[in-house]
Amino acid sequence: MNELDAPRTPASWRDRPAAQQPSYPDADRLAEVAADLRSRPPLVFAGEVDSLRQQMAKAERGDAFVLMGGDCAESFRDNTATNIRLKLQTILQMAAVLTYGASTPVVKIGRMAGQYAKPRSADTETRDGITLPSYRGDSVNGHPFTPEARVPDPQRMLDAYLRAGTTLNLIRSFTMGGYADLREVHSWNRGFTANPAYKRFESFAEEIDRAMRFMAAAGVDFDALRQVDFYASHEALLLEYEDAMTREDSRSGRLYDTSAHMLWIGERTRGAEDAHVALLAGVHNPVGVKVGPTTTPEELLSLIDHLNPHGEAGRLTVITRMGAERIRDVLPVLIEAVRADGRPLTWVADPMHGNTITAETGYKTREFDTIMDEVRGFFEVHRCLGTVPGGIHVELTGDDVTEVLGGGEHIDVERLAERYETLVDPRLNHQQSLEIAFEVAEMLRG
Ligand code: PEP
Ligand code: MN
């Protein structure tokens, strides 16, 4: 038997190097929590996960466009109905515009309902001469800079599970119960373009308006457009949590990570022989892998060997986060290698993580124009090579935060302090998110 065909087991990651894992002080408590999680109901159903795979296969071919968005790190504190609703509203508004621009369905995937664990560039953080463990996300430890808060606590995985479950429940209620009605979503977008700061998008919104009137005149059943499919995703960083949420589907006998529909592996944990890749190699979910500017074609092909050895459609998404300055140089090399290999994958642009800067006031931020430049570079490269730009992956919130510089409201360095609320990376606010959607929709229209 070929090594790639060897049977996968849920625990095949355990003997591999595992980066970015918490050091829990109490191994027995960790084992208790993992056992508890294992006994709890799954958060998603394998049938839904399979539907997402089919949608991702469409995106691979250019017959759909993927929109992934949400917080860098969700927090327990902000796990409120209002926050969930505003984020969902923002993503639905973006999706409506992109659907029109792409003339294809948009696959809507939240970085929501489980995005509670974060990789960090350093294991410790020092402030005023005091050194403590770094904050690793609410499913690991607390954000306050105190020794008590920063101790990793396995109990937090149970909280994360419950919060993910209630978030998913509310998302399902909204998207099945009428909140996602296309007519309503379109009227929110009309409200956005009525703002003089976004006047340049008004004619685009008018076009959509005409298309909606045409649909109505032609007898389209708008009531059928009151419900949408919305999927959940997060970085599969905490191996114990993801392992405990992995279940065998009673219908097919296949393993699924039931903590979310889609999981991705971060740039810091994507070693092809390492634990995170082994964990996701063993499940049937669609999986993503983030790749930065230093990724070699050999590394990428090795990731494909492990994560999609048989080249199944809709299985693998490569999320590129190259930085605006480098994407035009480094992306073509990877695309050429994948093309020569022949196994399919979906290319998605993350224009956030290669473009993080520190403002002179100390805030970690990003420039709206740089983010747009990376998206533009992504489209240019794919257009030039004749490959499919399959989607975008962005960090956003539905609120009026001031974390990313620029955009139609011209947020400047002084204003960052006004509403800088993220626990880790700076997010596009509601308006900036819609601006990106309109810009990308225009690119998709060509
Ligand atoms: C993230 O998505 O928040 C993240 C840490 O990204 P990356 O792994 O690409 O650095
Ligand atoms: Mn981030």
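Procedures and definitions
- Residues numbered from 1 in each chain as written.
- Chains lettered and ligands numbered in written order.
- Predicted model: local features only at pLDDT ≥ 70, side-chain atom pairs only at ≥ 80, totals over all residues.
- Heavy atoms only, no water.
- Pairing = 2+ DSSP bridges.
- Helix = DSSP H or I, 4+ residues; strand = E, 2+ residues; numbered from the N terminus.
- Axes fitted to C-alpha atoms, helices over the stretch in contact; angles between N-to-C directions.
- Contact = heavy atoms within 4.5 Å.
- Near = heavy atom within 4 Å.
- Polar contact = N/O pair within 3.5 Å; in protein donor to acceptor, adjacent residues only side chain to side chain.
- Areas by Shrake-Rupley, 256 points an atom, 1.4 Å probe, with all protein chains shown as cover.
- Donors = N, O, S within 2.8 Å, 3.2 Å for Na, K, Ca; no water.
- Buried < 20%, exposed > 50% of the residue type's maximum accessible area, 1.4 Å probe, protein only.
- Salt bridge = Lys/Arg side-chain N within 4 Å of Asp/Glu carboxyl O.
- Expected span 1.5 Å × (residues − 1).
- Arc of directions from axis to C-beta.
- UniProt positions renumbered as here; feature names shortened; annotations may be inferred.

**Concerning the sheet that holds strand S5 (residues 230-235)**
Item 1. Pairing is parallel around the closed barrel formed by eight strands, whose spatial order is S1-S2-S5-S8-S9-S10-S11-S14. Each strand axis lies, on average, 30° off the axis of its neighbour in the sheet, ignoring direction.
Item 2. Running at roughly 170° to strand S11 (residues 346-349), helix H11 (residues 327-341) makes contact with strand S9 (287-291), strand S10 (316-320) and S11 of the sheet.
Item 3. Sheet contacts for helix H12 (residues 368-385): strand S1 (65-70), S10, S11 and strand S14 (389-395); angle to S14, the most-contacted strand, approximately 170°.

**Topic: the site of ligand 1**
Item 1. Taken together, Cys-72, Arg-111, Lys-118, Pro-119, Gly-266, Glu-267, Arg-268, Lys-290, Arg-321, His-353 and Glu-395 are the residues near ligand 1.
Item 2. Between ligand 1 and Arg-111, the relevant distance is 2.9 Å, taken from an oxygen atom to a side-chain nitrogen or oxygen of the residue.
Item 3. Separating an oxygen atom of ligand 1 from a side-chain N or O atom of Lys-118 is a distance of 2.7 Å.
Item 4. Burial of ligand 1 by the protein chains amounts to 97% of its free accessible area of 300 Å².

**A few points about the coordination of the manganese ion (ligand 2)**
For a metal with four donors in a tetrahedral arrangement, the ideal angle between donors is 109.5 degrees, while six donors in an octahedron ideally sit at 90 or 180 degrees.
Item 1. Here the manganese ion (ligand 2) is held by the protein donor atoms Cys-72 (SG), His-353 (NE2), Glu-395 (OE) and Asp-425 (OD), which lie 2.1 to 2.4 Å from it.
Item 2. Positions of the donor residues of the manganese ion (ligand 2), expressed as sequence spacing, correspond to C-x280-H-x41-E-x29-D. On the criterion of sequence distance, the pair formed by His-353 in the loop between S11 and strand S12 (357-358) and Glu-395 in strand S14 is long-range, its members being 42 residues apart. Glu-395 matches His-353 in its accessibility class, with the two residues each being buried.

**What to know about the sheet that holds S12**
Item 1. Strands sit in the order S12-S13-S15 across an open sheet of three strands; the sheet is mixed. Every interior strand has two partners, whereas the edge strands, S12 and strand S15 (404-405), have only one.
Item 2. Sheet topology note: the S12/strand S13 (residues 364-367) ladder contains two bridges and is antiparallel. Its bridge partner being in S13, Thr-358 is matched across the sheet by Lys-364.

**Looking at unusual backbone geometry**
Generally, phi is negative for residues other than glycine and the peptide bonds are trans, each holding for most cases.
Item 1. Backbone geometry at Gln-20 places phi at a positive 65°, although glycine is not the residue there.
Item 2. Tracing the chain through its elements places Gln-20 in the segment before helix H1 (27-38).
Item 3. Look at Ala-113: it is not a glycine, yet its phi comes out positive at around 60°.

**Focus on the pattern of salt bridges**
Item 1. This structure, assessed with the given rule, holds 43 salt bridges.
Item 2. Here Glu-202 makes a salt bridge to Lys-199, at a shortest N to O gap of 2.8 Å.
Item 3. Relative accessible area serves as the criterion here: at 22%, Glu-202 is assigned to the partly exposed category.
Item 4. The exposure class assigned to Lys-199 is partly exposed, which follows from its relative accessible area of 49%.
Item 5. Across the salt bridge formed by Glu-395 and Arg-366, the nearest N and O atoms sit 2.8 Å from each other. With Glu-395 in strand S14 and Arg-366 in strand S13, the pair connects residues that are 29 residues apart, well separated along the chain. Arg-366 matches Glu-395 in its accessibility class, with the two residues each being buried.
Item 6. Within the structure, one salt-bridge network assembled from shared partners comprises Arg-111, Lys-364, Arg-366, Glu-395 and Asp-425.

**Some remarks on helix H7 (residues 202-217)**
Item 1. Here H7 contains 16 residues, and its C-alpha end-to-end distance of 22 Å stays within 8% of the 22 Å for a straight helix at 1.5 Å per residue.
Item 2. Within H7 the residues assigned to the buried category are Phe-204, Ala-205, Ile-208, Asp-209 and Met-212. Along the long axis of H7, the arc covered by the buried residues comes to 150°, so they all point the same way. Residues of H7 that are exposed and point more than 90 degrees away from the buried face comprise Ser-203, Phe-214 and Ala-217.
Item 3. In this structure, the buried residues of H7 make contact with helix H3 (81-102), helix H6 (182-194) and helix H13 (430-445).

**Quick word on the UniProt feature "binding site: Mn(2+)" (unreviewed entry) in the protein**
Item 1. Listed under "binding site: Mn(2+)" (unreviewed entry) in the UniProt record, and renumbered for this structure, are Cys-72, His-353, Glu-395 and Asp-425. What stands out for the annotated residues spanning 354 residues is how close their C-alpha atoms remain, the widest pair being 9.9 Å apart.
Item 2. Note that Cys-72 resides in the loop between S1 and H3.
Item 3. A relative accessible area of 0% places Cys-72 in the buried class.

**Overview of the pairing of S13**
Item 1. Hairpin remark: S12 followed by S13, antiparallel, with five residues in the connecting loop; positive phi at Gly-362, about 100°.
Item 2. By the bridge criterion, two bridges tie S13 to S15 in an arrangement that is parallel. Residue pairing across strands places Arg-366 opposite Val-404, the latter belonging to S15.

**A look at H12**
Item 1. With 18 residues, H12 should reach 26 Å at 1.5 Å per residue; the first-to-last C-alpha distance of 26 Å fits that figure.
Item 2. Of all the residues in H12, the buried ones are Phe-368, Ile-371, Met-372, Glu-374, Val-375, Gly-377, Phe-378, Phe-379, Val-381, His-382 and Leu-385.

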